[in-house]
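Tertiary structure, described
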Amino acid sequence: MTDPDLRLPPGEAVTPERAGWSYLSFTVHNLVGPMEVGGDGVETAVVVLGGGGCTLGDLSLPGRASVWEGLPSAAYLPPGVAAAVAPEGGSVTFAVASAPASGQRTAERPVRIGPEDVTVEIRGAGNATRQINHIITPDFPADRLEVVEVYTASGNWSSWPPHKHDTDDMPNEAILEEVYSYRFRRPEAWGVQRLYRGDGSRDLLWAVRDGETVIVTDGYHPFVATHGDDAYYLNALAGDIRTMACSFDPALDAVRDGWASMEPDPRVPLVR
């Protein structure tokens, strides 16, 4: 796979074949009629991004006008379970992440994750303050999948200091496949995504736009929201070990030491 394939326009799907990895698939759908997700041999996560909400089999997932209008609702389908997504109130925009089952024990039936179940974390300080919405966490009864939302206020940095998770070095770092799927408070806006390796063999920089997806195969992957525009991205991850263990760029890791004496950005959380 060539590096330009790592940044995908709106509507294009991430598959293991396209990404050159083993597990994670990811798509975003704008739905006006029912469609089926999940099925044999895969676990599946659904996150509502906008619209009037939907049903997923017997589960009811409330909507939000956009990612800027409330905390998410989501659902988890264990391996082998398929269900129809049907929009309520006209249409719904939702993301689907899936991964093949390893055989490890998971939830026995579909699990609804409502806004009341989402844990909000304020991470960092100063202009590295960001909001993390934890949806499918490492302690959730899933197999390979993890899902979080990240809100980055105008002019702020996230995934900072730059971190990576491409080396099997537990408990310090695990190999995780990951995608970033972007939204902006103003759809015309853009942010800056860098994807680089410590040895210099890759160093990519993009102006990422609303609806685009970046495939994070390996390396460090910091993001900055441009002045005047708040940014959002949905992270879906998959790996052999369900953890967020990572390592930081040693040239920049020391910035964390200063956070204890800095105030968090008072604009965060951006969405309550």
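The shown structure was predicted, so the numbers you read here are calculated from the model rather than taken from an experiment. (Residues numbered from 1 in each chain as written. Predicted model: local features only at pLDDT ≥ 70, side-chain atom pairs only at ≥ 80, totals over all residues. Heavy atoms only, no water.)

Here's the deal with the overall build of the protein
Applied cut-off: Secondary structure elements follow DSSP: runs of H or I no shorter than four residues count as helices, runs of E no shorter than two count as strands, and numbering proceeds from the N terminus. Computation of the radius of gyration draws on C-alpha atoms, with the globule rule given as 2.2 Å multiplied by the number of residues to the power 0.38. Note on exposure labels: buried denotes an accessible area under 20% of the residue type's maximum, exposed denotes more than 50%, and partly exposed covers the range between, all computed with a 1.4 Å probe on protein chains only. Working rule for contacts: check all heavy atoms of both residues, and any pair within 4.5 Å makes them a contact. The accessible surface values rely on the Shrake-Rupley method and a 1.4 Å probe; as for residues, cover is taken only from the protein chains in view.
The secondary structure content of the protein amounts to one helix and 22 strands. For a compact globule of 272 residues, the expected C-alpha radius of gyration is about 19 Å, and the protein comes in at 18 Å, within 12% of that figure. With the C-alpha coordinates aligned to their principal axes, the bounding extent of the protein is approximately 50 × 35 × 35 Å. Buried positions account for 53% of the 272 residues belonging to the protein. For the protein, restricting intrachain contacts to residue pairs at least 6 apart in sequence, the fraction spanning at least 24 positions comes to 77%. As presented, the protein carries roughly 11400 Å² of accessible surface, and 50% of it is formed by carbon and sulfur atoms.

Observations regarding unusual backbone geometry
The omega angle of the peptide bond from Met170 to Pro171 is 10 degrees, so this bond is cis rather than trans. Following the sequence through the fold, Pro171 ends up in the loop between β15 (163–164) and β16 (176–184). Along the chain, Val268 connects to Pro269 via a cis peptide bond; the corresponding omega equals 10 degrees. Tracing the backbone through its elements, the reader meets Pro269 in the segment after β22 (247–248).

Examining the nonpolar core
Threshold: What makes a nonpolar core is a set of buried Ala, Val, Leu, Ile, Met, Phe, Trp, Tyr and Cys residues whose side-chain atoms join them at distances within 4.5 Å.
Residues Ile136 and Leu234 are the most contacted members of the largest nonpolar core, which totals 56 residues. No other element matches the six residues that strand β21 (residues 231–239) contributes to this core. Filtering out sequence-adjacent residues up to four positions away, Leu234 remains in contact with Phe26, Val47, Leu49, Ala95, Ile135, Val147, Val148, Glu149, Val179, Tyr180 and Ser181. Counting residues in each nonpolar core, the second largest holds 15 residues, with Val48, Leu77, Ala83 and Val85 among its members.

Details of the sheet that holds strand β13 (residues 145–152)
Selection criterion: When DSSP locates at least two bridges between a pair of strands, those strands are taken to pair.
Strand order across the open sheet formed by seven strands is β1-β19-β16-β21-β13-β12-β11, with antiparallel pairing between neighbours. Sheet topology places β1 (7–8) and β11 (119–123) at the edges, where each strand pairs with a single neighbour. The sheet contact formed by β16 and β21 spans nine bridges and is antiparallel. Along β21, the bridge assignment pairs Arg183 with Tyr232.

Considering the packing of aromatic side chains
Just so we agree on the cut-off: A pair of aromatic rings is counted whenever rings of Phe, Tyr or Trp (Trp by its six-membered ring) have centres within 6.5 Å, and the orientation is called stacked for planes under 30 degrees apart, edge-to-face for over 60 and tilted otherwise. Counted as over-ring charges are cases with an Arg CZ or a Lys NZ within 6 Å of the ring centre that also lie within 35 degrees of the ring normal.
Overall, the coordinates contain 10 aromatic pairs when judged by the stated rule. With a centroid separation of 5.3 Å and an interplanar angle of 75 degrees, the aromatic rings of Tyr76 and Phe140 are classed as edge-to-face. Note that Tyr76 is positioned in strand β7 (residues 74–77) and Phe140 in the loop between β12 (130–136) and β13, a separation of 64 residues in sequence. Taken together, a centroid distance of 5.3 Å and an interplanar angle of 70 degrees make the contact between Phe223 and Tyr233 edge-to-face. Placement of the pair is Phe223 in strand β20 (residues 223–225) and Tyr233 in strand β21, with a sequence separation of 10 residues. For the pair Phe223 and Tyr233, a shared accessibility class is recorded, and that class is buried. Among the aromatic residues, ring-to-ring pairing joins Tyr180, Tyr182, Phe223 and Tyr233 into one connected group. The cationic tip of Arg144 hangs over the ring face of Tyr23; the distance from NZ or CZ to the ring centre is 3.8 Å. Over the ring of Tyr196 we find Arg194; its NZ or CZ atom is 3.9 Å from the centre of that ring.

Quick notes on the environment of Val14
Take Val14: it is sitting in the loop between β1 and α1 (16–19). The spacing of Val14 and Trp160 is 146 residues in sequence and 25 Å in space, taken between C-alpha atoms. The residues contacting Val14, other than those within four sequence positions of it, are Leu8, Ala19, Trp21, Leu24, Ser25, Phe26, Val179, Thr213 and Ile215.

Let's talk about the pairing of β11
Two elements, β11 and β12, share five bridges in a ladder whose sense is antiparallel. Residue pairing across strands places Arg123 opposite Arg130, the latter belonging to β12. In sequence, β11 turns back onto β12 through a hairpin of six residues, with Gly124 there showing a positive phi of about 85 degrees.

Concerning the sheet that holds strand β8 (residues 82–87)
To summarise the sheet geometry, strands pair through backbone hydrogen bonds and adopt either a parallel or an antiparallel arrangement. Where we set the bar: Angles shown run from 0 to 180 degrees and are taken between the N-to-C directions of axes, each axis being a line fitted to C-alpha atoms and, for helices, limited to the stretch in contact.
Spatial ordering of the open sheet is given by β3-β8-β5-β6, a layout of four strands whose pairing is antiparallel. In this open sheet, the two strands that pair with only one neighbour each are β3 (35–38) and β6 (59–61). Neighbour-to-neighbour, the strand axes of this sheet turn through a mean angle of 30 degrees, independent of strand direction. Here β3 pairs with β8 via four bridges, running antiparallel. Paired with Glu36 across the strands is Ala84, a residue of β8.

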